[in-house]
Amino acid sequence: MDQSVLFVCLGNICRSPLAEAALRRECVSADLNVVVDSAGTGDWHVGQPPDERAQAAASRNGVDIGHLRARQVNGADFYDFDHIIALDSQNLRDLEAMRPAKGRAQLSLLLDHVEGRAGQDVADPYYGDEDDFDQTWAEVTAAAKTLRSRLGAG
(Lines give C-alpha, C1' and ligand atoms only; values in the text may rest on other atoms or scores of the structure.)
Protein backbone atom coordinates (compact mmCIF):
# COMPACT_ATOMS: atom_id res chain seq x y z
CA MET A 1 0.00 0.00 0.00
CA ASP A 2 1.33 3.43 -0.94
CA GLN A 3 2.06 5.89 1.81
CA SER A 4 1.16 9.56 1.58
CA VAL A 5 2.65 12.76 2.96
CA LEU A 6 1.25 16.30 2.99
CA PHE A 7 3.59 19.18 3.88
CA VAL A 8 1.95 22.29 5.31
CA CYS A 9 3.20 25.84 5.81
CA LEU A 10 1.34 29.13 5.93
CA GLY A 11 0.81 30.12 2.30
CA ASN A 12 2.05 27.07 0.36
CA ILE A 13 4.40 29.12 -1.82
CA CYS A 14 7.81 28.77 -0.11
CA ARG A 15 8.59 26.08 2.44
CA SER A 16 5.97 23.40 1.80
CA PRO A 17 6.44 23.22 -2.00
CA LEU A 18 10.20 22.95 -1.42
CA ALA A 19 9.61 20.12 1.06
CA GLU A 20 7.26 18.44 -1.43
CA ALA A 21 9.90 18.67 -4.16
CA ALA A 22 12.69 17.39 -1.90
CA LEU A 23 10.71 14.34 -0.75
CA ARG A 24 9.53 13.54 -4.28
CA ARG A 25 13.13 13.60 -5.47
CA GLU A 26 14.24 11.34 -2.61
CA CYS A 27 11.41 8.88 -3.26
CA VAL A 28 12.15 8.72 -6.98
CA SER A 29 15.84 8.08 -6.31
CA ALA A 30 14.90 5.26 -3.89
CA ASP A 31 12.18 3.88 -6.19
CA LEU A 32 9.55 4.43 -3.48
CA ASN A 33 5.95 4.98 -4.48
CA VAL A 34 4.82 7.71 -2.06
CA VAL A 35 2.05 10.24 -2.68
CA VAL A 36 3.48 13.68 -1.83
CA ASP A 37 1.61 16.99 -1.79
CA SER A 38 1.72 20.36 -0.04
CA ALA A 39 -0.80 22.92 1.20
CA GLY A 40 -1.08 26.03 3.32
CA THR A 41 -3.18 26.84 6.35
CA GLY A 42 -3.94 30.25 4.80
CA ASP A 43 -5.79 30.95 1.57
CA TRP A 44 -3.95 34.06 0.32
CA HIS A 45 -2.05 32.33 -2.47
CA VAL A 46 -4.49 29.61 -3.59
CA GLY A 47 -3.93 28.81 -7.27
CA GLN A 48 -0.60 30.63 -7.45
CA PRO A 49 2.74 29.02 -8.34
CA PRO A 50 5.52 28.89 -5.74
CA ASP A 51 7.40 32.09 -4.98
CA GLU A 52 9.95 32.80 -7.72
CA ARG A 53 12.78 32.60 -5.17
CA ALA A 54 11.59 29.15 -4.08
CA GLN A 55 11.46 28.09 -7.72
CA ALA A 56 15.01 29.40 -8.19
CA ALA A 57 16.30 27.53 -5.10
CA ALA A 58 14.72 24.30 -6.34
CA SER A 59 16.08 24.90 -9.83
CA ARG A 60 19.61 25.40 -8.47
CA ASN A 61 19.22 21.90 -7.08
CA GLY A 62 17.92 20.37 -10.31
CA VAL A 63 14.21 20.39 -9.47
CA ASP A 64 11.41 22.23 -11.30
CA ILE A 65 8.50 23.28 -9.07
CA GLY A 66 6.96 25.84 -11.42
CA HIS A 67 4.00 23.55 -12.18
CA LEU A 68 2.89 23.39 -8.52
CA ARG A 69 -0.09 25.50 -7.40
CA ALA A 70 -0.88 26.61 -3.87
CA ARG A 71 -3.91 25.17 -2.15
CA GLN A 72 -5.38 25.40 1.31
CA VAL A 73 -5.43 22.40 3.62
CA ASN A 74 -8.92 20.97 4.12
CA GLY A 75 -10.70 18.46 6.32
CA ALA A 76 -10.43 15.65 3.78
CA ASP A 77 -6.64 15.85 3.98
CA PHE A 78 -6.77 14.39 7.50
CA TYR A 79 -8.39 11.25 6.06
CA ASP A 80 -6.55 11.13 2.73
CA PHE A 81 -2.96 11.39 3.99
CA ASP A 82 -0.98 9.11 6.30
CA HIS A 83 1.29 11.94 7.45
CA ILE A 84 0.67 15.68 7.62
CA ILE A 85 3.92 17.43 8.37
CA ALA A 86 4.01 21.09 9.42
CA LEU A 87 6.98 23.26 8.61
CA ASP A 88 6.69 25.24 11.86
CA SER A 89 5.08 24.96 15.28
CA GLN A 90 2.34 27.57 14.65
CA ASN A 91 1.10 25.66 11.61
CA LEU A 92 1.28 22.43 13.62
CA ARG A 93 -0.94 24.00 16.30
CA ASP A 94 -3.35 25.20 13.59
CA LEU A 95 -3.48 21.70 12.10
CA GLU A 96 -4.11 20.15 15.50
CA ALA A 97 -6.99 22.59 16.05
CA MET A 98 -8.64 21.81 12.69
CA ARG A 99 -8.05 18.06 12.80
CA PRO A 100 -11.33 16.10 12.67
CA ALA A 101 -11.87 13.72 15.60
CA LYS A 102 -11.55 10.67 13.35
CA GLY A 103 -8.83 12.03 11.08
CA ARG A 104 -6.22 9.31 10.54
CA ALA A 105 -3.21 11.40 9.53
CA GLN A 106 -0.26 11.46 11.90
CA LEU A 107 0.76 15.06 12.58
CA SER A 108 4.38 16.06 13.11
CA LEU A 109 6.83 18.91 12.74
CA LEU A 110 9.24 18.56 9.80
CA LEU A 111 12.46 19.08 11.73
CA ASP A 112 11.37 16.47 14.29
CA HIS A 113 12.52 14.09 11.54
CA VAL A 114 16.08 15.47 11.60
CA GLU A 115 18.40 14.30 14.37
CA GLY A 116 19.20 17.14 16.76
CA ARG A 117 16.52 19.46 15.32
CA ALA A 118 13.37 18.22 17.12
CA GLY A 119 10.97 21.01 18.05
CA GLN A 120 12.60 23.50 15.68
CA ASP A 121 10.84 25.42 12.92
CA VAL A 122 11.98 25.72 9.32
CA ALA A 123 12.48 29.47 9.18
CA ASP A 124 10.13 31.22 6.76
CA PRO A 125 12.33 32.61 3.95
CA TYR A 126 9.55 34.82 2.51
CA TYR A 127 11.05 38.08 3.81
CA GLY A 128 14.60 36.92 3.20
CA ASP A 129 16.92 36.60 0.24
CA GLU A 130 18.40 33.86 -1.94
CA ASP A 131 20.52 32.54 0.95
CA ASP A 132 17.41 32.10 3.10
CA PHE A 133 15.73 30.03 0.38
CA ASP A 134 18.90 27.94 -0.02
CA GLN A 135 18.90 27.34 3.75
CA THR A 136 15.26 26.24 3.56
CA TRP A 137 16.16 23.86 0.72
CA ALA A 138 18.99 22.39 2.82
CA GLU A 139 16.66 21.87 5.81
CA VAL A 140 13.82 20.27 3.84
CA THR A 141 16.28 18.06 1.99
CA ALA A 142 17.81 16.81 5.24
CA ALA A 143 14.32 15.95 6.49
CA ALA A 144 13.36 14.35 3.17
CA LYS A 145 16.33 11.98 3.38
CA THR A 146 15.25 10.80 6.84
CA LEU A 147 11.60 10.56 5.79
CA ARG A 148 12.56 8.52 2.74
CA SER A 149 14.33 6.00 4.98
CA ARG A 150 11.37 5.79 7.36
CA LEU A 151 8.80 5.48 4.58
CA GLY A 152 10.91 2.84 2.86
CA ALA A 153 11.07 0.83 6.07
CA GLY A 154 7.30 1.10 6.60
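Residues numbered from 1 in each chain as written. Predicted model: local features only at pLDDT ≥ 70, side-chain atom pairs only at ≥ 80, totals over all residues. Heavy atoms only, no water.

Engineer: How should empty space enclosed by the protein be read in this particular structure?
Structural biologist: Empty pockets left among the atoms are what a rolling probe the size of a water molecule brings to light. Under the definition given, this model contains one cavity of 30 Å³ or more. Estimated volume of the largest cavity: approximately 30 Å³. Along its surface, the largest cavity is lined by Asn12, Pro17, Ser38, Gln48, Pro50, Leu68, Arg69 and Ala70. Residue composition of the lining of the largest cavity, by class: four nonpolar, three polar and one charged. (1 Å grid on protein atoms, 1.4 Å probe; cavity = no way out; pocket = protein on both sides within 12 Å on 5 of 7 lines; lining within 4 Å. Points joined across faces, edges and corners; volume = space filled by probe spheres on them. Nonpolar A, V, L, I, M, F, W, Y, C, P; charged D, E, K, R; others polar.)

Engineer: It is not clear to me how the pairing of strand β2 (residues 34-40) should be interpreted in this structure. Could you clarify?
Structural biologist: Consecutive side chains of a regular strand alternate in pointing toward one face of the sheet and then the other. Most of β2 sits out of view: five of its seven residues are buried. The pairing of strand β1 (residues 3-9) with β2 spans seven bridges and is parallel. Following the sheet pairing, leucine 6 is matched in β2 by aspartate 37. This β-α-β element, β1 to helix α1 (residues 15-29) to β2, shows right-handed connectivity. (Buried < 20%, exposed > 50% of the residue type's maximum accessible area, 1.4 Å probe, protein only. Helix = DSSP H or I, 4+ residues; strand = E, 2+ residues; numbered from the N terminus. Pairing = 2+ DSSP bridges. Right-handed = clockwise from strand over helix to strand, strands pointing away.)

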